[in-house]
Amino acid sequence: MNRKNRFMPLWLAVSVVIGIFIGSFFANRFSGNRLSIINSGSNKLNDLLHIVDDQYVDTVNVNDLVEKAVPTILSELDPHSVYISQKDVQQANDDLKGSFFGVGIEFTIRKDTIHVQNVISNGPSERAGLLAGDKIVEIDGQPFVGKDVTNEEAMHRLKGDKDTKVKIGVVRGKEKQIRRYTVIRGEIPMKSVTATYMLDSHTGYIKIKNFGDKTYPELLIALARLGQEGLENLVIDLRGNTGGYLGSAVQMANEFLSRGKLIVYTEGRHSPRQEYRSDGRGSYQHIPLVVLIDEGSASASEIFAGAIQDNDRGTIIGRRSFGKGLVQQPISLHDGSMIRLTIARYYSPSGRCIQKPYTSGADRSYEEDLINRYQHGEFFSQDSIKHEGPEYHTSNGRVVYGGGGITPDIFVAEDTADVTSYYKEASMSGLILQFAYEYVDDNRQQLSTYTTKKALLAYLKKLNIVELFAQYADKNGLKRRNLMIQKSHALLERYINSRLIYNVLDEQAWTEYLNDDDPAIRETLRVFKAGESFPKPSESAAKESKQKVAYDYKATHVRFGAMKKCQLQQKRMSAIT
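Everything quoted here is computed from the prediction, not taken from an experiment. (Residues numbered from 1 in each chain as written. Predicted model: local features only at pLDDT ≥ 70, side-chain atom pairs only at ≥ 80, totals over all residues. Heavy atoms only, no water.)

Participant: How would you explain the overall build of the protein chain if you had to name every residue and give the values?
Facilitator: The helix and strand inventory of the protein chain stands at 21 helices and 21 strands. Residue burial in the protein chain is summarised as follows: out of 577 residues, 42% are buried. Element-wise, carbon and sulfur atoms account for 53% of the exposed surface of the protein chain, whose accessible area totals about 33,100 Å². (Helix = DSSP H or I, 4+ residues; strand = E, 2+ residues; numbered from the N terminus. Buried < 20%, exposed > 50% of the residue type's maximum accessible area, 1.4 Å probe, protein only. Areas by Shrake-Rupley, 256 points an atom, 1.4 Å probe, with all protein chains shown as cover.)

Participant: Any chance you could break down the packing of helix α16 (residues 465-475) against helix α18 (residues 489-504) for me, citing the residues and the numbers?
Facilitator: In the contact formed by α16 and α18, the axes pass within 9 Å of each other and the chain directions differ by 90 degrees. By the criterion of interaxial angle, the relationship of α16 to α18 is roughly perpendicular. Between α16 and α18, the contacting residues are Ile465, Val466 and Phe469 on the first element and His489, Leu492, Glu493, Ile496, Asn497 and Leu500 on the second. Here the residues of the contact of α16 with α18 sort into 6 nonpolar, 2 polar and 1 charged. (Axes fitted to C-alpha atoms, helices over the stretch in contact; angles between N-to-C directions. Parallel < 35°, antiparallel > 145°, perpendicular 65-115°, else oblique. Contact = heavy atoms within 4.5 Å. Nonpolar A, V, L, I, M, F, W, Y, C, P; charged D, E, K, R; others polar.)

Participant: Break down the sheet that holds strand β16 (residues 315-318) for me, citing the residues and quoting the values.
Facilitator: Taken in spatial order, the 6 strands make up an open sheet running β10-β11-β12-β15-β16-β21, and their pairing is mixed. A single partner strand is all that each edge strand has here, and the edge strands are β10 (193-198) and β21 (410-411). Set on the sheet, helix α9 (residues 300-310) makes contact with β12 (233-237), β15 (289-293) and β16; between it and β15 the angle comes to about 140 degrees. (Pairing = 2+ DSSP bridges.)

Participant: Please provide a residue-by-residue account of the nonpolar core, values included.
Facilitator: Grouped together as the largest cluster of nonpolar side chains are 40 residues, with contacts concentrated most on Ile206, Leu234, Ile236, Phe256, Val291 and Phe304. Top contributing element to this core by residue count: α9, with 6 residues. Setting aside chain neighbours within four positions, we find Ile206 in contact with Val193, Ala195, Thr196, Leu219, Ala222, Leu223, Leu226, Leu234, Val235, Ile236 and Asp237. Counting 32 residues, the second-largest nonpolar core is a separate cluster that includes Leu447, Leu456, Ile485 and Leu492. (Core = buried A, V, L, I, M, F, W, Y, C linked by side-chain atoms within 4.5 Å.)

Participant: Give me the lowdown on the pattern of salt bridges, citing residues and values where you can.
Facilitator: Counted under the stated rule, the structure contains 27 salt bridges. A salt bridge links Lys87 to Asp88; the nearest nitrogen and oxygen atoms lie 3.4 Å apart. Judged by its relative accessible area of 66%, Lys87 falls in the exposed class. On the accessibility criterion, Asp88 (30% relative accessible area) is partly exposed. Between Arg398 and Asp409 there is a salt bridge, with its nearest N and O atoms 2.9 Å apart. Of this pair, Arg398 sits in the loop between β19 (391-393) and β20 (399-401) while Asp409 sits in the loop between β20 and β21; the two residues are 11 residues apart in sequence, bridging distant segments of the chain. Here the salt bridges share partners, and the residues they tie into one network are Arg320, Lys356, Asp369, Arg373 and Glu378. (Salt bridge = Lys/Arg side-chain N within 4 Å of Asp/Glu carboxyl O.)

Participant: Quick one: what's the story with the packing of helix α13 (residues 431-442) against α16, residue by residue and with numbers?
Facilitator: The contact between α13 and α16 brings their axes to 10 Å, and the two run at 110 degrees. What the angle tells us is that α13 and α16 run roughly perpendicular. Contacts between α13 and α16 involve Leu431, Ile432, Gln434, Phe435, Glu438 and Tyr439 on the former and, on the latter, Ile465, Leu468, Phe469, Tyr472 and Ala473. Taken together, the residues that form the contact of α13 with α16 break down as 9 nonpolar, 1 polar and 1 charged.

Participant: Could you give me a rundown of the environment of Ser192, with the residues and numbers involved?
Facilitator: Mapping Ser192 onto the fold places it in the loop between β9 (186-189) and β10. Judged by its relative accessible area of 3%, Ser192 falls in the buried class. Not counting the four nearest positions on each side in its chain, Ser192 is found in contact with Lys207, Ile208, Lys209, Asn210, Gly212, Thr215 and Glu218. Here Asn210 takes part through its side chain, which lies 3.0 Å from a polar atom of the side chain of Ser192. At a separation of 2.8 Å, a polar atom in the side chain of Ser192 contacts the side chain of Thr215. (Polar contact = N/O pair within 3.5 Å; in protein donor to acceptor, adjacent residues only side chain to side chain.)

Participant: Describe unusual backbone geometry, listing the residues and the values that go with them.
Facilitator: Comment: phi is negative for the bulk of residues other than glycine, and the bulk of peptide bonds are trans. At Asn122, a residue that is not glycine, the phi angle is positive and equals roughly 60 degrees. For Asn122, the location among the structural elements is in the loop between β4 (113-119) and α5 (124-128). Taking relative accessible area as the criterion, Asn122 reaches 53% and is therefore assigned exposed. The backbone of Asp163 sits at a positive phi, close to 70 degrees, despite the residue not being glycine.

Participant: Explain the packing of aromatic side chains residue by residue, including any values.
Facilitator: Summed over the entire model, instances satisfying the criterion amount to 12 aromatic pairs. For the ring pair Tyr450 and Tyr459, a centre distance of 4.9 Å and an interplane angle of 25 degrees mean the geometry is stacked. In this structure an aromatic cluster arises from ring pairing among Phe435, Tyr439, Phe469 and Tyr472. The ring of Phe379 carries Arg319 above its face, with NZ or CZ at 5.7 Å from the centroid. (Phe/Tyr/Trp six-rings, centres within 6.5 Å; stacked < 30°, edge-to-face > 60°. Lys NZ or Arg CZ within 6 Å of the ring centre and 35° of its normal.)

So this is what it looks like as structure tokens:
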């Protein structure tokens, strides 16, 4: 017994060596040396980092090198595989979670200082005593002004765990003394549905900002509210909606489709085809439906629009969508950072992948695609749309295209008739946003007395707001151009008023104001009035359908004649016998 125990370590060692040898053999034999390739590549990177750390002329922070290298490696794969650093993970997740823990303010940064633009009703800051217009100059007893004030740093300091305290020092109005408040952080909702109202006595409107955790329940609440106000037709506005969770888009589409309809399917090299179909439980399967999209509608927005279009469930109105058909999976790394890795493509029910073309690596043409579309004239003319993908067909046989976004059923051009270089510079430079905020800040007491869009607009119409802006812009670097101001007067007034309404009231009022003279909304109402929201089959499909009906009719008569002949023969036989 002792003798056997003495040789036991030797036998174990031999067994381990044999196991390693066999494992290595089969790994190389069946994986095509893939494991050795990965190992050699990672070893080379490790060797390089060690050499730089040991021998480079200056001191190097190796961790910083890795932080810069990882995004570069991922960028070589596709435009949407990305690296998110540890400090940015929370913000990236909060955008779609539907809520976060913070102080409950909307702010903007002006002249290196945080300005409170809005205070969330019944939120932590309102309960503590903060007001819109306050300037935050201290956080937790430390000055917070100057070059260190960025959106990222402000959110980092103001967000935190639930029920934790943060001390905020503010300057109010023209006061010189700092007011200090202790705010207890709480849950702050981030709504996906940002506007819900009736466009007319029959037509409901829902604006969806993104697809997050709570988008579907928010949609149901909005639909229930509209149902109480006489909802008969529905428009869902996805313009500018950059997407979010695939699951939320599937849930939403399910509400409008009959049982068994394909909504979307995904497929990748290591991701077998997965189909998402409607279960027939949706409460709005027959309501006339229009979906609004534009070049800012991407990802989950395109899943929803594609499902509605390919199933001929509703009419898509607007301009061609962005064209993002890649599915990302979040993968956490050991240090708390994260990558979002593309693992599959998604396909609409007709089988089209709407991902626009790209090349691996830093693809400048991909990043500049929307600019190129604009310059090519696509925003102004449907004939300028380039369909680079193959043709597919909807349930009714209508032709749709893959390889570059969702092309709407009805095109609505961007109105540029009165656009001038002055208007472009005023809007793109941020001067209109800056003017609107400062005007509200200087006249907050007066403006706060107007609590509805109608009342506020009546007041604004009494002001020569474009002239006030022109004077402000001239003092801030945008030279006055009277002829251009006159030509773009209506556009300038609309943009300035919209920002004033947003700052004084809320996003709902802002959306309602912009929709009042929106050509896409006008076209939507026309479609509903004409009863054209349910797409009709194409002429060729209708012809094929008629031919099929005729063929089936003829075949039925042939079968019926054969059956009668057989019955007569049976009758004769029974009579003879």
